[in-house]
Every structure is written in C-alpha cells, then in structure tokens.
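Now for the letters of each chain:
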Amino acid sequence: MDTIPVMRPWLGAEEAEAAAAAITSGWIAQGPRVAEFEQALAGRIGAAHGVAVSSCTTALHLALEVLGVAPGDEVVVPSFSFIATANVVKHAGAVPVFADIDGATGNLSAKTVEQVVGPHTKAVIAVHQGGVPAPINEVKELCGPLGIALVEDAACAMGSTYEGRPVGAGAEMAAFSFHPRKLLTTGEGGMLTTDSARFATRARRLREHGMDVSAADRHSASKIVLESYLEVAWNYRMTDMQAAVGLVQLGKLDAMVERRRVLARRYQEGLAGIPGLQIVADPPYGTSNYQSFWIVLPDDAPVGRNELLERLLQHGISARRGIMAAHLEPAYLDGSGPELPVTERMTAQSLILPLFHDLAESDQDRIIEVLSAELSR
Ligand SMILES: *Cc1c(COP(=O)(O)O)cnc(C)c1O
C-alpha cells in the first residue's frame with residue numbers, strides 16, 4: 001500500500017518544455033519570462049504591478065522595507081502561521097507583535113488586531129491562512145485611520161476570493177508563494193503585488209542589489225548603459241526558468257482550484273458526522289482554494305492529535321500537524337506577548353489532511369473512513 005502524501009504538485013510535460021525553452025533560449029536569469037509572468041499574474045489578481053522574487057518570504061521582507069519598517073517599529077502578525085511571517089519582521093529590524101485569531105477562520109480579525117496595536121505599530125501582516133481569505137476590509141478600516149499599513153500574506157491563497165475578487169489586491173501590497181506546498185508552483189518563488197507604482201519600482205530595485213537599471217534591461221539595450229547602485233539591497237531575483245514554469249501553472253490555476261474545491265466538499269460531507277469536529281469552510285465573504293484542508297479535534301476527542309497522526313500513518317495516510325504557532329517555537333520563546341488562547345488551541349488540536357489535484361476519490365474515501373473510525377466512540 002502506497003502512502004497517500006499530504007500534497008503533490010500538479011506538474012506535467014508542459015512545464016518541463018517551458019523550462020527547457022528558457023534554457024535553450026540562452027537567457028536563464030531574470031529576464032523576459034519573469035516580466036511576462038509578472039504581468040500575467042498581476043492581471044489575474046487585479047493588481048497594477050507584480051514584482052517576482054525568489055520566495056514569498058523575500059516578497060514579504062521587501063514589502064516591509066518598501067513601507068519603511070525599521071528598528072523601533074512593531075509589526076502585528078498572527079503567531080498562527082508559517083514562521084516566515086514573523087521572521088520577515090525581524091529581517092526588517094522591527095519587532096513582531098503576535099495577535100490572536102478568529103477560531104472560525106484561523107485568521108486575524110479587526111478585534112484581535114485591535115487588542116495589540118499601539119503607538120509603535122507601523123504595519124499589520126494579515127495572513128490568508130491555508131487559503132481561507134482573511135477579513136481584509138475590517139482590518140483596513142481599523143488600520144487606515146491610525147496610519148498603519150496593511151500587507152497581505154497571500155502565500156497560500158492564490159485562487160482564493162474575497163468579496164467576489166481574487167485575494168491579493170485588497171491592501172497596500174500582497175505576497176504570494178510558489179513553493180510546491182502551495183497551489184501554483186515554480187519550485188521556489190514568490191511575487192509581490194501592488195497598485196502602487198512607487199512601491200513596485202522600489203521593490204524592483206531592492207530585489208536587484210539596489211541597481212537603478214535591471215540587468216536584463218542593461219543587456220538588451222542598444223547602447224552601453226552604466227548602472228549605479230542607489231542603496232544597499234539584496235539579490236531576491238526569480239529566474240526565467242522558474243517564470244516559464246509559473247506561466248504554464250498560471251494557465252492551470254482555475255482547474256487546480258476547481259478540483260480542490262470538489263475534493264474539499266467531499267471531505268466536508270464525509271466528515272460532517274464526526275461529533276464536535278471542526279472542519280475548514282468558506283467564510284461568508286469569500287472562497288478558499290483549500291491550500292490546506294484542516295480539521296480541529298474537539299477537546300474531548302477519543303484520541304489525541306499526535307496519536308491520530310501516528311495512526312493515520314499506520315494506515316498509509318500522511319497527514320500533518322495543523323498550522324504552527326511561531327510564539328511557541330524556540331526562536332521566539334524569549335519574547336513576552338499577549339495570551340493567544342485560540343492560537344494555542346488550534347495549533348495543538350488541528351491537523352491537515354491530504355488534498356492535491358490527483359488525489360483519487362477512492363483514496364479520499366479511505367481517509368474519511370479511517371478518520372471516522374478513529375474519532376468515533
Ligand atoms: C509558505 C508560507 C510562507 C513562505 O513562503 P516561501 O515561498 O516558502 O518563502 C509565508 N507565509 C505563509 C503563510 C506560508 O504558508
């Protein structure tokens with residue numbers, strides 16, 4: 001019996017051919033395919049600009065730099081997220097302040113953010129956790145009058161919608177991930193989207209050593225162009241090989257989301273009878289791409305979360321612990337912060353079930369069966 005993985009990217013010959021074409025073109029670093037991918041993805045999101053980078057982590061770091069986040073500033077983030085959301089605040093020299101989450105969505109809300117904003121708060125990073133859209137407008141209404149910027153960590157949320165529009169165009173900037181654990185993949189990669197030409201221009205400069213002209217533009221110019229370096233920056237570039245794969249993947253995005261939503265519905269229906277089990281669902285104001293299909297065990301579950309993961313594995317099912325909580329990790333144990341009871345409960349009692357494009361319905365039925373048996377008393 002093969003183990004059912006928690007995720008498997010949907011890749012085929014088309015992606016391989018696109019990457020090969022980039023290689024044989026002779027231009028493999030950031031170039032025309034990156035520019036094309038940026039335009040296509042920004043267009044899809046409904047944002048004016050896309051800036052492709054090496055990961056979502058570097059996209060988030062650039063977002064904070066572009067906003068002028070610096071030592072002395074605080075940035076509000078959920079602890080209930082992949083650790084990169086908190087780390088980028090440290091990369092910018094600022095202090096991450098953890099806000100709790102709404103137990104229904106796993107996301108920040110205006111209420112949880114309000115509890116932790118203060119005079120030093122420069123920005124808030126709202127995560128669309130696992131693809132479930134966060135309530136961007138209510139957080140924006142809180143932040144706007146206080147002069148606090150809002151950044152969307154949309155790492156998981158490519159293809160999710162918020163109030164009828166694609167997630168990722170609701171705040172000052174949004175950051176996407178193209179890691180294979182997400183939907184659309186380029187191996188590694190990320191994208192910053194924004195409506196602000198000023199933010200986009202600065203982010204382009206910061207991803208490329210602070211140069212005033214990109215290497216691609218310099219090499220394709222008909223005259224000698226001598227670049228200058230306007231500020232100290234980074235190398236956060238995406239390659240044209242990755243962008244070539246990303247363009248093919250973007251063409252498959254609708255199909256990816258559709259399939260995931262069908263499988264999510266099958267889980268929701270199949271698991272509905274388990275007493276006290278919380279199952280991820282669309283919030284009233286949007287739709288999830290179900291990047292992570294999570295469930296939360298009831299307090300009195302007949303089996304603990306870690307034991308259940310163990311038993312699933314014995315049945316050939318590779319599930320995962322739920323979303324981590326950064327404030328419980330050694331890297332962040334030194335900080336003092338507010339109590340995060342909802343975060344702590346959800347991180348301890350949740351798990352993520354296998355969900356990927358090629359998941360066979362017979363395999364999914366087996367997962368539902370095993371879970372139902374383990375969780376019935
Ligand atoms: C995956 C993830 C990231 C990091 O993305 P990378 O592209 O791997 O850097 C950041 N935030 C969240 C919420 C994520 O899930």
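Worth saying up front: this structure is predicted, and the values here are computed from it rather than measured. (Residues numbered from 1 in each chain as written. Predicted model: local features only at pLDDT ≥ 70, side-chain atom pairs only at ≥ 80, totals over all residues. Heavy atoms only, no water.)

J.: Pulling in residues and values, what's your account of empty space enclosed by the protein?
T.: Inspection of every chain in the model, using the stated rule, returns two cavities of 30 Å³ or more. Put simply, the largest cavity is a space of about 50 Å³. Every residue lining the largest cavity is listed: Met7, Arg8, Pro9, Trp10, Leu183, Met256, Arg260, Phe356 and His357. Its residues placed into classes, the lining of the largest cavity shows six nonpolar, one polar and two charged. Its boundaries defined by the atoms lining it, the second largest cavity holds a volume of some 40 Å³. Lining the second largest cavity, in full, are Ala47, Gly168, Ala169, Ala171, Glu172, Thr193, Thr194 and Asp195. Of the residues contributing to the lining of the second largest cavity, the split by class is three nonpolar, three polar and two charged. (1 Å grid on protein atoms, 1.4 Å probe; cavity = no way out; pocket = protein on both sides within 12 Å on 5 of 7 lines; lining within 4 Å. Points joined across faces, edges and corners; volume = space filled by probe spheres on them. Nonpolar A, V, L, I, M, F, W, Y, C, P; charged D, E, K, R; others polar.)

J.: Could you give an account of the site of the ligand, naming the residues involved and the relevant values?
T.: Around the ligand, the structure places 13 residues, and the nearest of them are Cys56, Thr57, Asp153, Ser177 and Lys182. Contacts to the ligand include Thr57, whose side-chain N or O atom sits 2.5 Å from an oxygen atom. Taking Ser177, its side chain carries an N or O atom lying 2.7 Å from an oxygen atom of the ligand. Against a free-state accessible area of 380 Å², the protein chains account for coverage of 91% of the ligand. Taking a 2 Å distance to the grid points as the criterion, the majority of the atoms of the ligand fall inside the largest pocket. (Near = heavy atom within 4 Å. Polar contact = N/O pair within 3.5 Å; in protein donor to acceptor, adjacent residues only side chain to side chain. Areas by Shrake-Rupley, 256 points an atom, 1.4 Å probe, with all protein chains shown as cover. Sits in = over half its atoms within 2 Å of the grid points.)

J.: Got a sec to walk through the nonpolar core? Specific residues and values, please.
T.: Grouped together as the largest cluster of nonpolar side chains are 40 residues, with contacts concentrated most on Leu271, Phe293, Ile295, Leu351 and Leu371. Secondary structure elements with two or more residues in this core: α10 (253-271), β12 (293-296), α11 (305-314), β14 (350-353) and α13 (361-374). When residues of this core are sorted by domain, at least three fall in each of domain 1 (13-250) and domain 2 (253-374). When residues no more than four places from it in sequence are discounted, the contact partners of Leu371 are Leu271, Ile274, Ile295, Leu308, Leu312 and Leu353. (Core = buried A, V, L, I, M, F, W, Y, C linked by side-chain atoms within 4.5 Å. Buried < 20%, exposed > 50% of the residue type's maximum accessible area, 1.4 Å probe, protein only. Helix = DSSP H or I, 4+ residues; strand = E, 2+ residues; numbered from the N terminus. Domains from an automatic or database assignment. Contact = heavy atoms within 4.5 Å.)

J.: Could you give an account of the sheet that holds strand β13 (residues 320-321), with specific residues and numbers?
T.: With antiparallel pairing, four strands are arranged side by side in an open sheet as β10-β12-β14-β13. Only two strands of the sheet have a single partner each, and these edge strands are β10 (278-279) and β13. Bridging between β10 and β12 involves two bridges; their strand directions are antiparallel. What sits directly across from Gln278, in β12, is Val296. (Pairing = 2+ DSSP bridges.)

J.: Lay out the layout of surface pockets with the relevant residues and their values.
T.: Volume-wise, the largest pocket comes out at about 560 Å³. Phe82, Cys156, Arg181, Lys182 and Gln291 are, among the 27 residues lining the largest pocket, the residues nearest its centre. Contributing elements (two or more residues each) for the lining of the largest pocket: α3 (56-66), α4 (84-91) and β13. With three residues, the top contributor of residues to the lining of the largest pocket is α3.

J.: So what about the domain arrangement of the protein? Which residues, and what values?
T.: Per the domain assignment, the segments of the protein are domain 1 (13-250) and domain 2 (253-374). On a C-alpha basis, the centroid separation for the pair domain 1 and domain 2 is 26 Å. Contacts between domain 1 and domain 2 engage 41 residues on the former and 34 residues on the latter. The largest per-residue losses of area from domain 1 upon contact with domain 2 belong to Phe80, Asp100 and Leu183, which jointly make up 21% of the total buried on that side. For the interface between domain 1 and domain 2, the tally reads one salt bridge. (Buried area = accessible area lost by both parts, 1.4 Å probe. Salt bridge = Lys/Arg side-chain N within 4 Å of Asp/Glu carboxyl O.)

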